[in-house]
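Overview (structure and organization)
So you can see what is in the structure, the chains are spelled out below.
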Amino acid sequence: MVRSEGARQIGDAAGAAPEGAARPAPRHVAIIMDGNGRWAASRGLPRFEGHRRGVEAVRRAVRSAITLGIHYLTIYSFSSENWRRPPSEISELMGLLKLFVRSDLADLHANNVRVRVIGDRADLSGDIAGLLDEAEARTRANTGLTLVVAFNYGGRQEILRAVRRIAAAVAEGRLRPEDIDLPTITEALDTAGIPDPDLVIRTSGEHRLSNFLTWQTAYAEYVIEPGFWPDFDHAAFLAALDEYHRRDRRFGGLSAGAG
Ligand code: IPE
Ligand code: IPE
Ligand code: MG
């Protein structure tokens, strides 16, 4: 395995790694939690049961991320396009989010987890938006894992909101077009202050991004896990990290030692 030292300069993937200490953990892991419905269907269960078990897999993933010394864990929980699902499934997913925040927030807080929520909160019902605000406010000062919850999130919609903010700054004379640079855009996104993901894991074998972190994943490594999300466990997390460590991240440059 050749690991580019140059990777550190851009990806700065240098989390502490209590487990497998020789290799630094990726700093930011983002997960497309896919396959809840198929997990349930393969057992003759209603889709809801897959989503319910999916929440348990979220709890496991958070514990794993803490153990592995990962600094940022982003979970794709509800996409801007998931509104296309039947109203009954949408209300089940909203219900599960509420349940998760109500039942797990105290535990996350006790584990020093800082919660950040990305996505469009304007379209959400007041009780859900309120719970998401509360999760962020209560854990804001925590210094452990940052759990980024992508809820009602779409990468293109996020970029659109950023463009509107930047355009407003230009229209108001606070910003000149020639002064817009890459950091201007990065800082106008919902993920302002969060480093780009080093690794994106997608479960259930699908090879697509589905509008997840469109801007931020320009140089992420992708690992596709064949299993469904409710079966994702610590061993699967370790296997994904193993695969990540076999990659040679060049960021457009050359491998360390090449040339
Ligand atoms: C992921 O599982 C959960 C969400 C998208 C909310 P799915 O519900 O997409 O499950 P599949 O892909 O239909 O199996
Ligand atoms: C992506 O999964 C969204 C989430 C995991 C929340 P989907 O199941 O919605 O994506 P597609 O429809 O297969 O692209
Ligand atoms: Mg799916």
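Residues numbered from 1 in each chain as written. Chains lettered and ligands numbered in written order. Predicted model: local features only at pLDDT ≥ 70, side-chain atom pairs only at ≥ 80, totals over all residues. Heavy atoms only, no water.

The name that an unreviewed UniProt entry assigns to the protein is Isoprenyl transferase, with the source organism given as Methylorubrum populi. UniProt, in its Subunit (unreviewed entry) section for the protein, records the words "Homodimer." What UniProt records for the protein under Function (unreviewed entry) is the sentence "Catalyzes the condensation of isopentenyl diphosphate (IPP) with allylic pyrophosphates generating different type of terpenoids." (UniProt positions renumbered as here; feature names shortened; annotations may be inferred.)

A closer look at the side chain of T146
Looking at the element boundaries, T146 is found in strand 4 (residues 146-153). For T146, a relative accessible area of 2% puts it in the buried group. A distance of 2.9 Å separates a polar atom in the side chain of T146 from a polar atom in the side chain of R114. Among residues more than four places away in sequence, those in contact with T146 are H71, Y72, L73, R114 and R116. (Helix = DSSP H or I, 4+ residues; strand = E, 2+ residues; numbered from the N terminus. Buried < 20%, exposed > 50% of the residue type's maximum accessible area, 1.4 Å probe, protein only. Polar contact = N/O pair within 3.5 Å; in protein donor to acceptor, adjacent residues only side chain to side chain. Contact = heavy atoms within 4.5 Å.)

Re the pattern of salt bridges
For the coordinates displayed, the defined rule picks out 24 salt bridges. A salt bridge links E89 to R85, with the shortest nitrogen-to-oxygen separation between them at 2.8 Å. Exposure remark for E89: the relative accessible area of 7% places this residue in the buried category. Its relative accessible area of 29% is what places R85 among the partly exposed residues. Measuring nitrogen to oxygen at the nearest pair gives 2.8 Å for the salt bridge that ties R174 to E172. As far as the burial class goes, R174 and E172 line up, both exposed. Ionic contacts of the salt-bridge type, sharing partners, join the residues D198, E221, E243, R246, R247 and R249 into one network. (Salt bridge = Lys/Arg side-chain N within 4 Å of Asp/Glu carboxyl O.)

Considerations on the site of ligand 1
Taken together, 13 residues form the shell around ligand 1, and within it D34, G37, R38, R47 and R85 come nearest. Within the side chain of R47, an N or O atom sits 2.9 Å from an oxygen atom of ligand 1. Counting only elements with at least two residues in the shell around ligand 1, the list comes to helix 2 (36-41), helix 3 (47-68) and helix 4 (87-110). Broken down by element, the residue count for the shell around ligand 1 peaks at 3 residues, all from helix 2. Of the residues that constitute the shell around ligand 1, the class distribution is 2 nonpolar, 6 polar and 5 charged. (Near = heavy atom within 4 Å. Nonpolar A, V, L, I, M, F, W, Y, C, P; charged D, E, K, R; others polar.)

Overview of helix 6 (residues 155-171)
If you check helix 6, its first and last C-alpha atoms are 24 Å apart, about what 17 residues at 1.5 Å a residue would give, namely 24 Å. If you check which residues of helix 6 are buried, you get G155, E158, R161, A162, I166 and A169. Down the axis of helix 6, the buried side of the element spans an arc of 135 degrees, and every buried residue falls inside it. Along helix 6, exposed side chains directed more than 90 degrees from the buried face belong to R156, R164 and A171. Contacts from the buried residues of helix 6 go to strand 4 and helix 7 (182-188). Positive phi shows up at G173, right after helix 6, with a value of about 80 degrees. (Expected span 1.5 Å × (residues − 1). Arc of directions from axis to C-beta.)

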